[in-house]
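Listed here are the chains, written in short residue letters.
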Number of protein chains: 2
Amino acid sequence: MGSRNTRERVLAAAGRLFRLQGYAGTGLKQIVSESGAPYGSIYHFFPNGKEQLAHEVIRTSGPEYGRLVLMLLNSRADPLAALEFAFRQAAEDLAGTDYADACPIATIALEVANTSETLRVATAEVFADWVDGATAWFGRFVPGDEQAKMLAFAMISMLEGAFVLSRAARSTDPLLAAGKAIVDLTGNVMRQSNVSGRP
Amino acid sequence: MGSRNTRERVLAAAGRLFRLQGYAGTGLKQIVSESGAPYGSIYHFFPNGKEQLAHEVIRTSGPEYGRLVLMLLNSRADPLAALEFAFRQAAEDLAGTDYADACPIATIALEVANTSETLRVATAEVFADWVDGATAWFGRFVPGDEQAKMLAFAMISMLEGAFVLSRAARSTDPLLAAGKAIVDLTGNVMRQSNVSGRP
DNA sequence: GTCTATAGTTCGATAGAC
DNA sequence: GTCTATCGAACTATAGAC
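The numbers attached to residues start from 1 for each chain and follow its sequence in the written order. All chains are assigned letters beginning at A, and all ligands numbers beginning at 1, according to the order in which they are written. A pLDDT threshold of at least 70 governs which residues receive local features in this predicted model, and a stricter bar of 80 or more applies before side-chain atom pairs are shown or counted, although totals over entire chains, interfaces and linings include all residues. In computing side-chain values, all of the structure's heavy atoms are included and hydrogens and water are not.

**Some points on the relation of the copies chain A and chain B**
The two chain copies are connected by a rotation around an axis plus a translation along it. Least squares is the method used to superpose the copies, on C-alpha atoms of residues holding a pLDDT of at least 70 in both. For the pair chain A and chain B, the best superposition has an RMSD of 0.0 Å and corresponds to a rotation of 180° with a translation of 0.0 Å parallel to the axis. As the rotation angle and translation indicate, the two copies are arranged about a two-fold axis. When each C-alpha of chain A is compared by its distance to the rotation axis, A:G161 comes out closest, at 1.9 Å. Looking at the interface residues of chain A, 100% of them are also at the interface in chain B, so both copies use one shared face. In what follows, residue pairs with any heavy atoms lying within 4.5 Å of each other are defined as contacts.

Below is the structure:
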């Protein structure tokens, strides 16, 4: 049966459209139209309608994007080179997709923060997992969980914020500046911990 | 005549609702309902309808928020204390308004980045003005326009991104961590420029 | 079980009463 | 000029044919 296939095509189309137009700005008709599925499929696979569909988009594309970023970070042995590479890659992906492929859940997160408790919690859990993963990654290079967590918050906030500015300006400058900033910040934290005292 | 008054009440209600629910998620009927204005007032004051209304919201609340942040930064002589104060104040404002009062145009910016060229350009211009203002502010403490501009991008990106995470988690932790990060980063840049060479 | 047709509501926008 | 009533087109959700 193409069931499983249809379900995933609907999810993929919904994810793409939510990223591009937001949650409220995307209609179910447009989703089935783009995925080539009949309208009834939505309520067959997602009985709770649009909210359940968005919930599954958040819980699939969110962790998926987190794994992608971690993979970029782990592709370089030097942490500073890895950070620089990850942000440059994010910038190239963004510019190469007509400034569409940024964070898959940020627009939804802002839209639903005060309108749907269910979806807000789902986005919060995704971000929390990202912070945990990034904290573990930074923990390999800086001592102390507080400093690693601070760098994790800084990196993710910087990435999310730079996505807002870069998409608005249709320029990779904010993302590249954000990459330089997190590289500088991380380098300074590493340097401070390697040197025990001051001359 | 209460005309001018009605127009501003509509603008205020629209700004409030766009921040809380986004652009696509807010209906014109809800805006006139909350502002107490008759429905026809929208098309009387904003002949181009919803898009023109959003355009004016962006071009009024955007610069207004930029001035607020610059005022917070200028309220302390020490730049690091000023940065720490501004981010702490943003965190308190957010928590004190049920996590509603974050950036007035970020949600709209993400929603319209690929759907309305007119509104995208409007948000881009607001962000560009913020970056210019912040670059001038940082320029008072670090030498070189490139470094000041990098810090300006970093500060604004960090603020915007931390707003996303803090609103989703209903926690001020991301904003406070972002504040600590930009303080550290700025302090390091200032220190590096005060010391001419390395031993 | 898969899909179509449609109900019921709300949207942005406008015509026309006053 | 100010406002009300309503339009046509979306929307989400569902009932029911096949």
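**So, the protein's contact with DNA strand D**
Consider each residue's heavy atoms; a residue with any of them within 4 Å of a molecule or strand counts as near. Inspection of the region around DNA strand D gives 13 residues, with A:L28, A:Y39, A:Y43, B:G40 and B:H44 positioned closest. Among atoms of DNA strand D positioned within 4 Å of the protein, sugar and phosphate together represent 54%. Measuring from a phosphate oxygen of DNA strand D, one finds a side-chain N or O atom of A:Y43 at 2.5 Å. Note that a phosphate oxygen of DNA strand D is positioned 3.0 Å from one of the side-chain N or O atoms of A:K50. Residue assignment for the surface near DNA strand D shows that the elements contributing at least two residues are α2 (28-35) and α4 (49-74) of chain A together with α3 (40-45) of chain B. Amino acids outside the nonpolar list (Ala, Val, Leu, Ile, Met, Phe, Trp, Tyr, Cys, Pro) and the charged list (Asp, Glu, Lys, Arg) are all regarded as polar, and Gly is one of them. For the surface near DNA strand D, the class distribution of residues is 5 nonpolar, 6 polar and 2 charged. Definition of a polar contact: a pair of N or O atoms within 3.5 Å, with one able to donate and the other able to accept a hydrogen when the atoms are protein atoms, and with sequence-neighbouring residues admitted only if both atoms are side-chain atoms. Here a helix means four or more residues in a row that DSSP labels H or I, a strand means two or more in a row labelled E, and each is numbered from the N terminus.

**Re the packing of helix α5 (residues 79-96) of chain B against helix α9 (residues 173-194) of chain B**
What describes two packed helices is the angle between their axes and the distance between those same axes. All names here are of chain B. Axis lines are fitted through C-alpha atoms, for helices just across the contact stretch, and the angle between N-to-C directions can take any value from 0 to 180 degrees. Where α5 contacts α9, the two axes come as close as 9 Å, and the packing angle between them is 170°. Of the possible angle classes, the one that applies to α5 and α9 is roughly antiparallel. Seen along the crossing, α5 lies across α9 with a hand that is right-handed. Note on element contacts: α9 touches α5 through L175, L176, A178, G179, I182, V183, T186, G187 and M190, opposite P79, L80, L83, E84, F87, R88, A90, A91 and L94. Broken down by class, the residue content of the contact of α5 with α9 amounts to 13 nonpolar, 3 polar and 2 charged. Convention used here: angles under 35 degrees read as roughly parallel, angles over 145 as roughly antiparallel, angles from 65 to 115 as roughly perpendicular, and any remaining angle as oblique. We call a crossing left-handed when the near helix sits turned anticlockwise from the far one by less than a right angle, and right-handed when that turn is clockwise.

**A word on the packing of aromatic side chains**
Think of it this way: a Phe, Tyr or Trp ring, Trp meaning its six-membered ring, pairs with another when their centres are within 6.5 Å, and the plane angle makes it stacked under 30 degrees, edge-to-face over 60, tilted otherwise. For the structure on display, the rule yields 12 aromatic pairs over all chains. Seen in terms of ring centroids, B:F18 and B:Y23 are 5.6 Å apart; in terms of plane orientation they differ by 65°. Their pairing is edge-to-face. Across this residue pair, the class does not change: B:F18 and B:Y23 are buried. Ring-pair connections join several aromatic residues into one group, and the members of that group are A:Y65, A:F127 and A:W130. A positively charged side chain is recorded as over a ring if its NZ (Lys) or CZ (Arg) lies within 6 Å of the ring centre. The angle to the ring normal must also be within 35 degrees. Note that A:K50 overlies the ring of A:Y23, its terminal NZ or CZ placed 4.6 Å from the centroid. Sitting over the ring of B:F85, B:R76 keeps its end group 3.9 Å from the ring centre. Type-normalised accessible area, obtained with a 1.4 Å probe on protein chains alone, sets the label of each residue: buried when under 20%, exposed when over 50%, and partly exposed for intermediate values.

**Some thoughts on the side chain of A:T6**
All names here are of chain A. By the element assignment, T6 lies in helix α1 (residues 3-21). You can call T6 buried: its relative accessible area is 15%. Sequence-distant contacts of T6, defined by excluding residues within four places in its chain, comprise A37, S41 and F45.

**Describing the pattern of salt bridges**
Residues and elements named next belong to chain B. Definition used for salt bridges: Asp or Glu carboxyl oxygen within 4 Å of a side-chain nitrogen of Lys or Arg. In total, this model carries 16 salt bridges over all chains according to the counting rule given. With its nearest N and O atoms 2.4 Å apart, the salt bridge here joins R7 to E56. Separated by 49 residues along the polypeptide, R7 in helix α1 (residues 3-21) and E56 in helix α4 (residues 49-73) bring together distant segments of the chain. Here R7 falls in the partly exposed class, since its relative accessible area comes to 22%. As a salt-bridge pair, R16 and E34 come within 3.3 Å of each other at their nearest N and O atoms. Linking R16 in helix α1 with E34 in helix α2 (residues 28-35), this pair joins segments that are 18 residues apart in sequence.

**What about the protein's contact with DNA strand C?**
By nearness alone, 13 residues border DNA strand C, and A:H44, B:L28, B:Y39, B:Y43 and B:K50 come closest of all. In DNA strand C, the atoms that sit within 4 Å of the protein are 52% sugar and phosphate, with bases accounting for the remainder. One of the backbone nitrogen or oxygen atoms of B:T26 is found 3.3 Å away from a phosphate oxygen of DNA strand C. Within the backbone of B:L28, a nitrogen or oxygen atom sits 2.6 Å from a phosphate oxygen of DNA strand C. Of all the secondary structure elements, the ones that give two or more residues to the surface near DNA strand C are α3 (40-45) of chain A together with α2 and α4 of chain B. Across the surface near DNA strand C, the residue classes break down as 5 nonpolar, 6 polar and 2 charged.

**So, the side chain of A:E56**
Here A:E56 falls in the buried class, since its relative accessible area comes to 19%. Discounting residues that sit within four places of it in the chain, A:E56 has contacts with A:R7, A:L11 and A:F46.

**Describing helix α5 (residues 79-96) of chain A**
All names here are of chain A. Residue count minus one, scaled by 1.5 Å, sets the expected span of a helix. In a regular helix each residue adds 1.5 Å, so 18 residues correspond to 26 Å; α5 covers 25 Å between its end C-alpha atoms and thus fits that length. Three or more residues of α5 are buried, namely P79, A82, L83, F85, A86, F87, A90, A91 and L94. As for α5, its buried residues are in contact with α4, α7 (117-139), α8 (145-169) and α9 (173-194). One or two steps after α5, the chain reaches D98, where phi turns positive at roughly 55°.

**Quick look at the nonpolar core**
Soluble globular proteins tend to bury their nonpolar side chains together. Here, the term nonpolar core denotes a set of buried Ala, Val, Leu, Ile, Met, Phe, Trp, Tyr and Cys residues that are joined through side-chain atoms within 4.5 Å. One finds A:I31 and B:I31 to be the most contacted residues of the largest nonpolar core, which totals 148 residues. Ignoring anything within four residues of it in the chain, the contact list for A:I31 reads A:V10, A:A13, A:A14, A:L17, A:F18, A:T26, A:I42 and A:L53.

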